[in-house]
Each structure stands twice: as structure tokens, then as C-alpha cells.
Amino acid sequence: MNEKDDEVDWQVQKKLNRWDEKRRAKAAVEELMEGKVRYLKFIKNQLGPDAIEKVLERFVIDTFDKNMGGLTKLGAGFLKKISKKALLKKIISSFYINMQHLVDLDCLKKLEFYPNQIEIVIKKCTAKRAWKLGLKNNKAKDLFSEDDYCQKVCIPTFNKFLQVANAQSNYRILKRGCEQVISFVDE
């Protein structure tokens, strides 16, 4: 084969094997979670369980700071002028819109706003699926549970966002998602 043949073959291959957006997004989430599992496995094996708890707490704080830093800098005075219900709706909507790289919006099977609470049902969660795959691919099922990401990163991050509106999520983790009831915290 000469260089001309190689070029033609590459052009054909490139056209035949181009990934669509959905496949690229799925692969990116899986790689993100596999990377997290890889690092967490290393930290747990080298530094112990206490280090893992600190790292997971840091994930929550960093995600909050990245996504809510601007809003919290506006100050409590500004936030008090907004109705709690409107603020809570905005926070929940913004959370899921900004976290689509982990939880695809199609996974939200229920997002209902009631006078005293909000109900959310997530099914076939892309983050949970990718986490479980990361555990399997990194042989870390003995180090972390399938629900650890939900319990130690996702829900705590969501609750940190909800604190801005003085609300909290009470949740139940399902095999492939979760059910949440968000309500205001009694003052």
C-alpha cells in the first residue's frame, strides 16, 4: 500500500466511525467516573478511609463553589428579597441543567412542584450507571458500594445547593436511580 491508499482508507474510516453526540457524552461520563474511581481507589489504598471522606467532602465543596459561588457572593440580603419557593425552584432547575454531564435530563422522570415540597424521581441515572461501571472496570467493588457516589457525592452536593434556600432533600436510593422529596427546613 502506498500513502495515497492509506489516506483514502483513513478518510473512509473517519466517515464510517464518527460518533454521534449521545455516544460521545456517554463515553465522557464513563471516563469521568472511571477516573474518579481510579483516584479514590488509590487514595483509599494508600492513605486510608479517613482520606477518602475528606476527598469526597472536597468534591461537594468544589462543585458547589464552581456552580453557586457567584450567587452566594451576591449576599444574604439579595437572597432574602426572593421568595423561598421561587429560589428553591431556580436552584433545583439550575442544578439539573448544570449537572447534565452527570445526570441526563431524560433520567428525570418526575419533577413536580407542590406547595410544601418538591418530588423528584430519577430513573436509569447516567452518573450511577457510570459509577457502577467504573467500580467494575477498576476492580473496586470491594472498596466502594454501588450507592457510595449517590450517598457521599451526589445527594450531599444537591443538599449543599438546597441550603441556599434553607431546604433539604430526603431521599431513597433505588437500584438505578433515586426518589427525592425536597422540603424547607424548619427554622
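(A) Just the pairing of strand S4 (residues 177-184), in detail. Where strand S2 (residues 118-123) lies against S4, 6 bridges are found, and the strand directions are antiparallel. Considered in S4, the bridge of Ile-118 is made with Ile-182. By the bridge criterion, 8 bridges tie strand S3 (residues 167-174) to S4 in an arrangement that is antiparallel. Bridged to Arg-172 within S4 is Glu-179. Hairpin geometry of S3 and S4 is characterised by an intervening segment of 2 residues between the two adjacent antiparallel strands.

(B) Local environment of a positive patch on the surface. Together, Lys-109, Lys-123, Lys-124, Lys-175 and Arg-176 line one region of the surface with positive charge. Following the sequence through the fold, Lys-124 ends up in the loop between S2 and helix H6 (126-137).

(C) Just the pattern of salt bridges, in detail. Applying the stated criterion across every chain yields a total of 10 salt bridges. Two residues, Lys-110 and Glu-119, come together in a salt bridge whose shortest N-O distance is 2.7 Å. Residue classification places Lys-110 among the partly exposed positions, given a relative accessible area of 26%. Sharing partners across several salt bridges, the network here consists of Glu-53, Asp-148 and Lys-152.

(D) Broad picture of the side chain of Gln-180. Residue placement: Gln-180 occurs in strand S4. Of note is the side chain of Gln-180, whose polar atom sits 3.4 Å from the side chain of Tyr-96. Of note is the side chain of Gln-180, whose polar atom sits 2.7 Å from the side chain of Ser-169. With residues up to four places along the chain from it excluded, the contact list for Gln-180 reads Tyr-96, Ile-118, Glu-119, Ile-120, Ile-122, Ile-155, Phe-158, Ser-169, Asn-170 and Tyr-171.

(E) Structural detail: the packing of aromatic side chains. Per the counting criterion, the structure on display carries 7 aromatic pairs. Ring plane angle 75 degrees and centroid distance 5.0 Å describe the contact between Phe-95 and Phe-161, whose orientation is recorded as edge-to-face. Of this pair, Phe-95 sits in helix H5 (residues 84-98) while Phe-161 is found in helix H7 (residues 148-163), placing the two residues 66 residues apart along the sequence. Taken as a pair, Phe-95 and Phe-161 share a single burial class, namely buried. The rings of Phe-64, Phe-95, Tyr-96, Phe-158 and Phe-161 are connected pair by pair, giving a single aromatic cluster. Between the NZ or CZ atom of Lys-44 and the centre of the ring of Phe-144, over which it lies, the distance is 5.0 Å. It is Lys-89 that lies over the ring of Phe-113; its NZ or CZ is 5.2 Å from the centre.

What counts and what doesn't
- Residues numbered from 1 in each chain as written.
- Predicted model: local features only at pLDDT ≥ 70, side-chain atom pairs only at ≥ 80, totals over all residues.
- Heavy atoms only, no water.
- Pairing = 2+ DSSP bridges.
- Helix = DSSP H or I, 4+ residues; strand = E, 2+ residues; numbered from the N terminus.
- Patch = residues over 30% accessible without salt bridge, like charges linked within 9 Å, V, L, I, M, F, W, Y side chains within 5 Å.
- Areas by Shrake-Rupley, 256 points an atom, 1.4 Å probe, with all protein chains shown as cover.
- Salt bridge = Lys/Arg side-chain N within 4 Å of Asp/Glu carboxyl O.
- Lys, Arg positive; Asp, Glu negative; His and termini not counted.
- Charge placed at Lys NZ, Arg CZ, Asp CG, Glu CD.
- Buried < 20%, exposed > 50% of the residue type's maximum accessible area, 1.4 Å probe, protein only.
- Polar contact = N/O pair within 3.5 Å; in protein donor to acceptor, adjacent residues only side chain to side chain.
- Contact = heavy atoms within 4.5 Å.
- Phe/Tyr/Trp six-rings, centres within 6.5 Å; stacked < 30°, edge-to-face > 60°.
- Lys NZ or Arg CZ within 6 Å of the ring centre and 35° of its normal.

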